[in-house]
Amino acid sequence: MNRDDEIDYKSIVEWRRNFHRYPEVGWTEFRTTVTLVTLLREMGLLVHVGTKVINPSFVMGRDTKLVESAIESVKKTLSLDQQKILDEMQGYTGCVAVYDTGRPGKTVALRFDIDCLSVSENKSNDHYPVKQGFVSERDGFMHACGHDGHMSVGLGVAKWLAEYGEKSGLSGVVKLLFQPSEEGVRGAKPMAESGIMDDAQYFLGMHLGFIAKTKEIVVNPNNFLCTKKYDFRFFGVPAHAGAEPHVGVNALSGACNAATQMLGIPRHGKGMSRINVGVIRAGTSRNVIPAFGELQIEVRGETEEINTYMANQAERIAQGVALGHNLRLESELMGEAVDLNNDQEMVDMLSSLVNQDSSLINVPSRSFGGSEDATILAKRCQSNGGKSLFFVVGSNLAGGHHQSNFDFDESSLLIATKLFIASLLTLCESNK
Ligand SMILES: [Zn+2]
């Protein structure tokens, strides 16, 4: 599978560094999406955006004000042609590129996530992006999880398809899903619910780094925790704390009460479970009965059953506290991911591709221990009768994921691109 000379590694690295300079958090990836759409269309691919790829009814954790101000500030930097793409997007980030071979065959969906984190990047001179001049230009935002690399791999695959897809005898259709808002596991569900990948017989996704070093490929990572994220908002009645405390309804005490009860949910006996109350916000002034209290929480579970148990318990506590304290409750689901069950046929395929390349190390399995919303897309494909695989392409890291000194080894971008292409060749050849 030596196709190194067919892969535009130089551009992949350039794209990665460009995305790294302009990181955007979930649902605000407007510059990022416009850049992707422009490049993919230049390559000759059909690209869908807006509500064709994002179903607004399933969008989670999207702050309208943040989105509007992001559109305004990005608009100023765009050319007229690029502004047209922005209009096409209808306020929703992400895009799906379609490469149709024109020959009958299977449809394969590949997923690449595109958002950054609210992390301030390390500015010291020994940090590689500083040394090479591609450090984040947006203070407080950083590609600290490698999604800049994921997108560039996606573009690398797209460029290869445009140049060699025909010659290599591929059949069927390849869909490249550039998914917004993975952090907080918010973007996969609305992309799945758009139906854009419902014709896919195969789904492939990957993450760089995390649990493996450069050249190591974890073909079947395990321990993906299902998760649900909620905001619970309690609304009470403000009152003078000295003169009329009996008139007020205290939302702060409700929020605190709910928080401590949630942390005490009995754990499930069948496997791992987690709960975290990460944010509590309430009150306005020392002498006013607090009329508002908010909790931002998440639950996780090894299986959907355990996760649902934790989520139901947390919701019931919020409802019970609201009732007991005479508060009005607003609950909002802010993010969701499920567990991962890679299909053996897909695991075997990747495993044999890795084994064919003597420079790579096959790591059959290793614990992921986090959550990833690619699992929602993987499950969607499986529920439509398709087969799915999510794998890890190892990369030596300068600092851990989500940290200000995070950086990965760019040579892993080439490895990831090669593996996607080799997978496409295998999956599409087996159709013949
Ligand atoms: Zn990530």
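Residues numbered from 1 in each chain as written. Predicted model: local features only at pLDDT ≥ 70, side-chain atom pairs only at ≥ 80, totals over all residues. Heavy atoms only, no water.

Asks: Go over the coordination of the zinc ion, please, and point to the residues and values.
Replies: Protein coordination at the zinc ion comes from C145 (SG), H147 (NE2) and H207 (NE2), with a distance range of 2.2 to 2.3 Å. Site description for the zinc ion: donor spacing in sequence, C-x1-H-x59-H. Taken together, the positions of C145 in the loop between α5 (128–131) and α6 (147–164) and H207 in strand β5 (residues 202–208) put the pair 62 residues apart, joining distant regions of the chain. (Donors = N, O, S within 2.8 Å, 3.2 Å for Na, K, Ca; no water. Helix = DSSP H or I, 4+ residues; strand = E, 2+ residues; numbered from the N terminus.)

Asks: How would you explain the side chain of H48 if you had to name every residue and give the values?
Replies: Mapped onto the secondary structure, H48 falls in strand β1 (residues 46–49). Setting aside residues up to four positions removed in sequence, H48 forms contacts with V53, C95, V96, V98 and I196. (Contact = heavy atoms within 4.5 Å.)

Asks: Hey, could you go over helix α10 (residues 344–356) for me, with residue numbers and the actual values?
Replies: Here α10 contains 13 residues, and its C-alpha end-to-end distance of 18 Å stays within 8% of the 18 Å for a straight helix at 1.5 Å per residue. Looking at the buried positions of α10, the neighbouring elements they touch are β5, β6 (216–218), β11 (361–363), β12 (387–393) and α12 (411–429). (Expected span 1.5 Å × (residues − 1).)

Asks: Lay out the UniProt feature "domain: Peptidase M20 dimerisation" (unreviewed entry) in the chain with the relevant residues and their values.
Replies: Here the UniProt feature "domain: Peptidase M20 dimerisation" (unreviewed entry) sits at residues 230–316. Summarising residues 230–316: 30% helix, 30% strand, and an end-to-end C-alpha distance of 13 Å. (UniProt positions renumbered as here; feature names shortened; annotations may be inferred.)

Asks: Account for the pairing of strand β9 (residues 292–301), with residues named and values stated.
Replies: By the criterion of burial, β9 is predominantly enclosed, with 7 of the 10 residues buried. Strand direction decides the pairing type here: strand β7 (residues 226–235) and β9, joined by 10 bridges, are antiparallel. Across the sheet, residue D231 finds its bridge partner in β9, namely Q296. Here strand β8 (residues 273–282) pairs with β9 via 9 bridges, running antiparallel. Residue pairing across strands places R281 opposite E294, the latter belonging to β9. (Buried < 20%, exposed > 50% of the residue type's maximum accessible area, 1.4 Å probe, protein only. Pairing = 2+ DSSP bridges.)

Asks: So, the packing of aromatic side chains: which residues are in play, and what are the values?
Replies: On inspection of all chains with the given rule, the structure shows 12 aromatic pairs. Between the aromatic rings of Y128 and F134, the centroid separation amounts to 6.1 Å while the plane-to-plane angle is 80 degrees, which identifies the pairing as edge-to-face. F134 gets classed as buried once you look at its relative accessible area, which sits at 1%. Put simply, the rings of F112, F178, F391 and F420 pair up and form one aromatic cluster. The ring centre of F408 lies 4.1 Å from the NZ or CZ of R16, which sits over that ring. The ring centre of F235 lies 4.3 Å from the NZ or CZ of R328, which sits over that ring. (Phe/Tyr/Trp six-rings, centres within 6.5 Å; stacked < 30°, edge-to-face > 60°. Lys NZ or Arg CZ within 6 Å of the ring centre and 35° of its normal.)

Asks: Explain the sheet that holds β6 residue by residue, including any values.
Replies: On the basis of which strands lie adjacent, the open sheet formed by 8 strands has the order β1-β2-β4-β3-β5-β12-β6-β11 and mixed pairing. Here the strands that pair on one side only, and so sit at the sheet edges, are β1 and β11. Across the sheet, the mean angle separating the axes of adjacent strands is 20 degrees when strand polarity is ignored. As defined by bridge partners, β6 adjoins β12 across 2 bridges and the pair is classed as antiparallel. The residue of β12 that forms the bridge with V218 is V392. Strands in contact with α12 are β3 (107–113), β4 (173–179), β5, β6 and β12; relative to β5, the strand with the most contacts, it is inclined by about 170 degrees. (Axes fitted to C-alpha atoms, helices over the stretch in contact; angles between N-to-C directions.)

Asks: Please provide a residue-by-residue account of the nonpolar core, values included.
Replies: Residues L40, L110, L176, L204, I217 and F391 are the most contacted members of the largest nonpolar core, which totals 104 residues. In terms of residue count, the dominant contributor to this core is α12 (12 residues). If we skip the residues at most four places from it in the chain, L176 touches L45, C95, V96, A97, L110, F112, G154, V157, A158 and L161. I265, L295, M310 and V321 belong to the second largest nonpolar core, which has 23 residues in total. (Core = buried A, V, L, I, M, F, W, Y, C linked by side-chain atoms within 4.5 Å.)

Asks: How would you explain the environment of D409 if you had to name every residue and give the values?
Replies: Note on placement: D409 falls in the loop between β12 and α12. Its relative accessible area of 24% is what places D409 among the partly exposed residues. Residues D409 and L419, spaced 10 residues apart in sequence, show a C-alpha to C-alpha distance of 16 Å. Once residues within four sequence positions are removed from consideration, D409 is found in contact with T214, S395 and N396. A polar contact is formed between the side chain of D409 and the backbone nitrogen of S411, at a distance of 3.0 Å. (Polar contact = N/O pair within 3.5 Å; in protein donor to acceptor, adjacent residues only side chain to side chain.)

Asks: Residues and numbers for the pattern of salt bridges, please.
Replies: Here the structure, examined in full by the defined rule, presents 34 salt bridges. Residue E137 pairs with R21 through a salt bridge whose shortest N-O separation is 2.8 Å. Highlighted residues: E137 in the loop between α5 and α6 and R21 in helix α1 (residues 9–21), separated in sequence by 116 residues. Judged by its relative accessible area of 46%, E137 falls in the partly exposed class. According to the relative accessible area criterion, R21 is partly exposed, its value standing at 27%. Residues D113 and R111 are paired through a salt bridge, measuring 3.5 Å at the closest nitrogen-oxygen approach. R111 carries the same exposure label as D113, and that label is buried. Among the ionic contacts, a cluster of salt bridges with common partners joins D231, R233, R281, E294, R328, E330 and E332. (Salt bridge = Lys/Arg side-chain N within 4 Å of Asp/Glu carboxyl O.)

Asks: An account of the domain arrangement of the chain is needed here, citing residue identities and associated values.
Replies: Assigned domains within the chain: domain 1 (4–223 + 340–429) and domain 2 (226–337). Taking only C-alpha atoms into account, the centre of domain 1 sits 34 Å from that of domain 2. Between domain 1 and domain 2 the total buried area reaches about 840 Å² when both faces are included, carbon and sulfur atoms providing 54% of it. Counting every contact that joins domain 1 to domain 2 gives 2 salt bridges. Here E336 and K189 are joined by a salt bridge, their closest N and O atoms 3.8 Å apart. If you look at where domain 1 meets domain 2, you find 3 residue pairs in polar contact (both at pLDDT 80 or more). Ranked by residues supplied to the side of domain 1 that touches domain 2, first place goes to helix α11 (residues 374–383) with 3 residues. Its residues assigned to classes, the side of domain 1 that touches domain 2 comprises 3 nonpolar, 6 polar and 5 charged. (Domains from an automatic or database assignment. Buried area = accessible area lost by both parts, 1.4 Å probe. Nonpolar A, V, L, I, M, F, W, Y, C, P; charged D, E, K, R; others polar.)

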